[in-house]
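One-letter residues, chain by chain:
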Amino acid sequence: RGNSENRKISRAKKSQSIYLLTGLLKSPNGATWHASGDGAYRLGKGKRVSAESLDYAVMQSVIKDITSNEFASAVLEHYKLKSKPVKNDITLSKLTAKIKELDKKAHSLVEILTETTAKATILRSIEKIEIERDELEQRKLDYAEIEDIKKVMKDLTLSDVKIMLGNLVNNLDSSNSSLLKDALGTIIDVVIFDETKMQATVTYKISNVTGDKLASPRGFEPRSPP
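What you see is a predicted model, and the numbers here were worked out from it, not measured in a lab.

### Examining the nonpolar core
Generally speaking, a soluble globular protein has its nonpolar side chains buried in company with each other.
And step 1. Tyr41, Val62, Ile66, Leu184 and Ile188 are the most contacted members of the largest nonpolar core, which totals 39 residues.
And step 2. For this core, the leading source of residues is helix α2 (residues 51-66), giving seven residues.
And step 3. Excluding its chain neighbours within four sequence positions, the residues that come into contact with leucine 184 are Leu20, Leu21, Leu24, Met59, Val62 and Leu172.
And step 4. Listed in part, the 11 residues of the second largest apolar core include Leu95, Ala106, Ile122 and Ile129.

This is how it looks when you write it as structure tokens:
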């Protein structure tokens, strides 16, 4: 009975894993593989591949990649590069100065408002200033948030990255197909599947030191899960 239950659970997990690569799976010429609805990915009107086999192969390849020291090091380097300041970026001090300038303009217009009969025109001018000020305040908040994120990235260690990737692997081990898709979509840029060679290559959303995307070092052949 125990073996029977295990087989049922295994089948359930397999059925949930089907079509994990929807939106990520491409042919070498850039065409999209679509879920056929009957357990296969389909390219155009004819070419098909087992979704269960390809999902499983990609999952195994991704887990192997992201648990490697090379991947963790590349991710760390990626974050270090992201933490560097951008040239010609608008600084927090410049945004603050611009907001103060707008405040002065608004204050001057308010003073004029008590002495003029063209109140509607002045009120429209004040409204425009307030709109611009709100936009700058939001940019100021966004900038501060980005700077906080950059600081976290700058302080990351290889150990931190391995813990993050370990948590990601835990999500990839989940039997929840929605959680699996989200986890894969977080790190995978594209999966190129060449049906003539029955091989695929995973490219991740992590740039390495040359600015290229990280690809799984070799293709893999889709195989049925054990």
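### Some words on the pattern of salt bridges
And step 1. Considering all chains together, one arrives at six salt bridges under this definition.
And step 2. Linking glutamate 101 and lysine 105 is a salt bridge whose minimum nitrogen-to-oxygen distance equals 3.8 Å. Of this pair, glutamate 101 and lysine 105 both sit in helix α4 (residues 92-113), separated by four residues, roughly a single helical turn.
And step 3. The shortest N-O distance in the salt bridge between arginine 133 and aspartate 103 comes to 2.6 Å. One end of the pair, arginine 133, is in helix α5 (residues 119-155); the other, aspartate 103, is in helix α4, and 30 residues separate them in sequence.

### Things to note about the sheet that holds strand β2 (residues 34-35)
And step 1. Ordered in space as β2-β3-β4, the three strands form an open sheet in which the pairing is antiparallel. For this open sheet the edge positions go to β2 and β4 (47-50), each flanked by a neighbour on one side alone.
And step 2. Contacting β3 (40-43) and β4, α2 runs over the sheet at an angle of about 60 degrees to β4.

Cut-offs used in this document
- Residues numbered from 1 in each chain as written.
- Predicted model: local features only at pLDDT ≥ 70, side-chain atom pairs only at ≥ 80, totals over all residues.
- Heavy atoms only, no water.
- Core = buried A, V, L, I, M, F, W, Y, C linked by side-chain atoms within 4.5 Å.
- Buried < 20%, exposed > 50% of the residue type's maximum accessible area, 1.4 Å probe, protein only.
- Helix = DSSP H or I, 4+ residues; strand = E, 2+ residues; numbered from the N terminus.
- Contact = heavy atoms within 4.5 Å.
- Salt bridge = Lys/Arg side-chain N within 4 Å of Asp/Glu carboxyl O.
- Pairing = 2+ DSSP bridges.
- Axes fitted to C-alpha atoms, helices over the stretch in contact; angles between N-to-C directions.

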